[in-house]
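Listed below are the residues making up each chain.
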Amino acid sequence: MKAVALFSILLSVSISFGQNHLSREYYVFHDSIITSLKKEFKLSEHDQPSELIIFNNDTLILAGYLDDLKLHPSYDYPNNVIYKTEDGGENWKKIKFDGDAWIYDAFYFENGLIWMGGSDHYVHFSDDYGETWTKKPIPITPTERVHSLYMKDSISGIAGGLSGGLAITENNWKTTEQIETPLMQRKYESTKEAAGIRIENLLWLEDIILVNQADRIFYTYRDKIEWRTFNIPVSSFQFIEEEKHIKIRSIGDRVFVLDDKLNLVKTYPEEHIWFSIKENEGEIDFGSFKSDEIASLKIESTEWFFDRPGYHMSPDVYKPKTQSILFEDHNGKLKVKTKRYRKSKVPSFSFDRVSQLLVSSELNYSINRLPVDLNFNDGDLSDYWKYFNNEKSELKGDFSYHLDINNPSFNHPKEVVDSHDHNHVLKIFRDAYMPGNAFSLFPNNPEITITIKDTYGQELILSNKHSFLYSLPWTVSFQNTEITLYNPKITQFVKSVLPSDFYNYEKLQGGKLIYLLIRKKIIDGLKYEKGG
């Protein structure tokens, strides 16, 4: 596919929040560009064209870790290159930039100025759209790899190091001034659990500098380097040149837009564009299934247990174990059979409840009904405290994107259990959604399967194999066709039928969902205040 054909898609999408939050369309475009390059040049298995520089529909440059294969494996002189196209990816040329570097970051202006930094410690500069290059003096002292770059204008810029150094120039890198980093000023601790010193991202406006050091966001005024944190959790930032605004991405879906003096302009929820839930894909005609004539119901739950370690780079070996409960109707009498479980511990059961679950309205279920039918019980509340305490122990380090786990709202889960915000429920499920085929990466994913058989021998199967929260969605199979249902009544039914110590019972619990609802409520209440 010609690269320019996808460029119009890229132009229509906001590439938000820097390299860590690029849109899905960006990656599609980036991959198409690499594909067009490989048609003309052979890339080795080690080559990584990670930096894409876009001047217009026709002129693009790929940089990164790119060896000149004609010189490889000799390293007696610089042998790294960039690739440039001037016709939207139809043809490419290779350009040497007098560097032996893995390019970590690149910054450019539309007038053809480009700066690149990487593993050889230098800043490489071009003023003619990448045709020719000069090597600037090493910017960071002590010498270290240049991991991030930002240019305020054609002569003023800031460079961040892989080892945590920061340098500023006012004369296009002829000379530099070394400045203290947040870590140097002890604004955070680099602990064993939360190690990190490198500079991930930079922004320099007239009076203000922003830095991401080891996933911690800080800002300072240029005339006095004194790093400060924002009063809200922050995960990333980006400067919007056209509006002269700074886009701050907080946690959840909150975005705060600031002016170049850090005053609040607006805030809004971010729309996720990676995936959207497609419920009830395909159609199933359940009309032939006799929901009022159930012959049996079988629940099987499989877990994978460690068997032995792998050897010589092979993965560890796990073996499955399955527990099951079979309910059968024998001439109006209920019979129960179990596997790997004591029959005496099985809760009471009625086929009438199964029939109620399989009526048409429950098998043609819209996700919009989910908040209405969602009901938590005492078991879910107990599961919440277990999940919350685990989160509290896991949230180590002083990362700027962490929500304050000591917020009082976390101590009152009953408020959410008694009355949850319907919009919050839908938002959580839509934000957490991943397509079912993503789980093919995890062949040993634990699951619960329910097989319901009518008196005619027809089988209707429900499984939580693709679920991601509260065992939702359920995958329903009938006559070789599948649909997905976000029906919490199925989860609640299975929870009532299974003993609490049955394999995978925790997948039916609502503790994590309660936690996310509280978290969402806190996030919606965040208020930005200048001065941090």
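Residues numbered from 1 in each chain as written. Predicted model: local features only at pLDDT ≥ 70, side-chain atom pairs only at ≥ 80, totals over all residues. Heavy atoms only, no water.

Notes on the nonpolar core
Note the cut-off: In this description, a nonpolar core means a group of buried Ala, Val, Leu, Ile, Met, Phe, Trp, Tyr and Cys residues linked to one another through side-chain atoms lying within 4.5 Å. The classification of residues rests on relative accessible area computed with a 1.4 Å probe and restricted to protein chains. Under 20% of the type maximum is buried, over 50% is exposed, and intermediate values are partly exposed. Each helix is a run of DSSP H or I of at least 4 residues and each strand a run of E of at least 2, with the numbering of both proceeding from the N terminus.
By size, the foremost hydrophobic cluster in this structure holds 108 residues, and its most contacted members are Phe230, Ile246, Leu297 and Phe429. Among the elements that make up this core, the one with the highest residue count is helix α10 (residues 511-524) (seven residues). In this structure, Ile34, Leu37, Ile54 and Leu62 belong to the second largest nonpolar core, which totals 14 residues.

Observations concerning the sheet that holds strand β5 (residues 103-108)
Inclusion rule: Two strands form a pair only when DSSP identifies at least two bridges running between them. Fitting a line to C-alpha atoms yields each axis, with helices limited to the stretch in contact; the angle taken between N-to-C directions then spans 0 to 180 degrees.
Read from one edge to the other, the open sheet built from four strands follows the order β5-β6-β7-β8, with strand pairing classed as antiparallel. Each edge of the open sheet carries a strand with a single partner, namely β5 and β8 (134-136). The sheet shows a mean angle of 25° between the axes of neighbouring strands, direction not considered. The pairing of strand β7 (residues 123-126) with β8 spans three bridges and is classified as antiparallel.

Section: the environment of Ser419
Along the chain, Ser419 falls in the loop between α7 (413-418) and α8 (422-432). Taking the C-alpha atoms as reference points, Ser419 and Asn375, separated by 44 residues in sequence, lie 9.5 Å from one another.

Observations concerning the packing of aromatic side chains
This is how the line gets drawn: Pairs were defined over the aromatic rings of Phe, Tyr and Trp, the Trp ring being its six-membered one, requiring ring centres within 6.5 Å. Orientation was assigned from the angle between planes: stacked under 30 degrees, edge-to-face over 60, tilted for the rest. The rule is short: NZ of Lys or CZ of Arg within 6 Å of the ring centre and within 35 degrees of the ring normal puts a charge over the ring.
By the definition in use, this model includes 32 aromatic pairs. Between the aromatic rings of Phe349 and Phe351, the centroid separation amounts to 5.1 Å while the plane-to-plane angle is 85°, which identifies the pairing as edge-to-face. The pair Phe349 / Phe351 is uniform in exposure class, with both members buried. Put simply, the rings of Tyr384, Trp385, Tyr387, Phe388, Phe410 and Tyr515 pair up and form one aromatic cluster. A cation over an aromatic ring shows up here: Arg216 above the ring of Phe399, its NZ or CZ 4.2 Å from the ring centre.

Notes on helix α6 (residues 378-394)
Just so we agree on the cut-off: For a helix, the expected span equals 1.5 Å multiplied by the number of residues minus one. Within this analysis, the arc is defined by the directions that extend from the helix axis to the C-beta atoms.
With 17 residues, α6 should cover 24 Å at 1.5 Å per step; its first-to-last C-alpha distance of 25 Å lies within 8% of that length. Within α6, the full set of buried residues consists of Asp380, Leu381, Asp383, Tyr384, Phe388 and Glu391. All buried residues of α6 lie within an arc of 155° about the axis, which places them on one face of the element. More than 90 degrees from the buried face of α6, the exposed residues found are Asp378 and Lys386.

A few points about α10
Over its 14 residues, α10 runs 20 Å from end to end, which matches the ideal 20 Å to within 8%, given 1.5 Å per residue. Residues of α10 that are buried include every one of Gly511, Leu513, Ile514, Tyr515, Leu517, Ile518, Lys520, Ile522 and Ile523, and no others.

Structural notes on the sheet that holds strand β15 (residues 217-221)
Strand order in the open sheet made by the four strands is β13-β14-β15-β16, with antiparallel pairing throughout. For this open sheet the edge positions go to β13 (199-204) and β16 (224-228), each flanked by a neighbour on one side alone. On average, each strand axis in the sheet is tilted by 20° relative to the strand beside it, whichever way the strands run. Direction of pairing for strand β14 (residues 208-213) relative to β15: antiparallel, over a ladder of five bridges.

Here we look at the pairing of strand β26 (residues 474-478)
Of all five residues in β26, five are buried; the element is thus mostly enclosed. Along β26, one buried face is formed by Trp474, Val476 and Phe478 and the opposite face, lined by Thr475 and Ser477, is buried too. The pairing of strand β25 (residues 459-463) with β26 spans four bridges and is classified as antiparallel. By the bridge assignment, Ser463 is partnered in β26 with Thr475. In this sheet, strand β27 (residues 481-485) lies alongside β26 in antiparallel orientation, the contact comprising five bridges. Among the inter-strand pairings, Trp474 is bridged to a residue of β27, identified as Leu485. The antiparallel hairpin formed by β26 and β27 contains two residues in its connecting segment, where Gln479 sits at a positive phi of about 55°.

Some details on the side chain of Asn212
Spelled out, the test is: For this analysis, a polar contact is any N or O atom pair within 3.5 Å, provided that within protein one partner can donate a hydrogen and the other can accept it, and provided that sequence-adjacent residues contribute only side-chain to side-chain pairs. Every residue pair with non-hydrogen atoms within 4.5 Å of one another is taken to be in contact.
One can find Asn212 in strand β14. One polar contact links the side chain of Asn212 to the main-chain amide nitrogen of Asp215, over a distance of 2.8 Å. Residues within four places of Asn212 in sequence aside, it is in contact with Arg198, Ile199, Glu200, Asn201, Ile217, Ser235 and Phe237.

Some thoughts on the side chain of Thr322
Its location among the elements puts Thr322 in strand β22 (residues 317-330). What makes Thr322 buried here is its relative accessible area of 19%. A polar atom in the side chain of Thr322 sits 2.9 Å from the side chain of Thr302.

A word on the environment of Pro371
Counting through the fold element by element, Pro371 comes out in helix α5 (residues 370-373). When its relative accessible area of 2% is taken as the criterion, Pro371 is described as buried. When the C-alpha atoms of Pro371 and Asp421 are compared, they prove to be 7.9 Å apart, with 50 residues separating the residues in sequence. Apart from residues no more than four positions distant in its own chain, Pro371 is found in contact with His420, His422, Val425 and Leu426.

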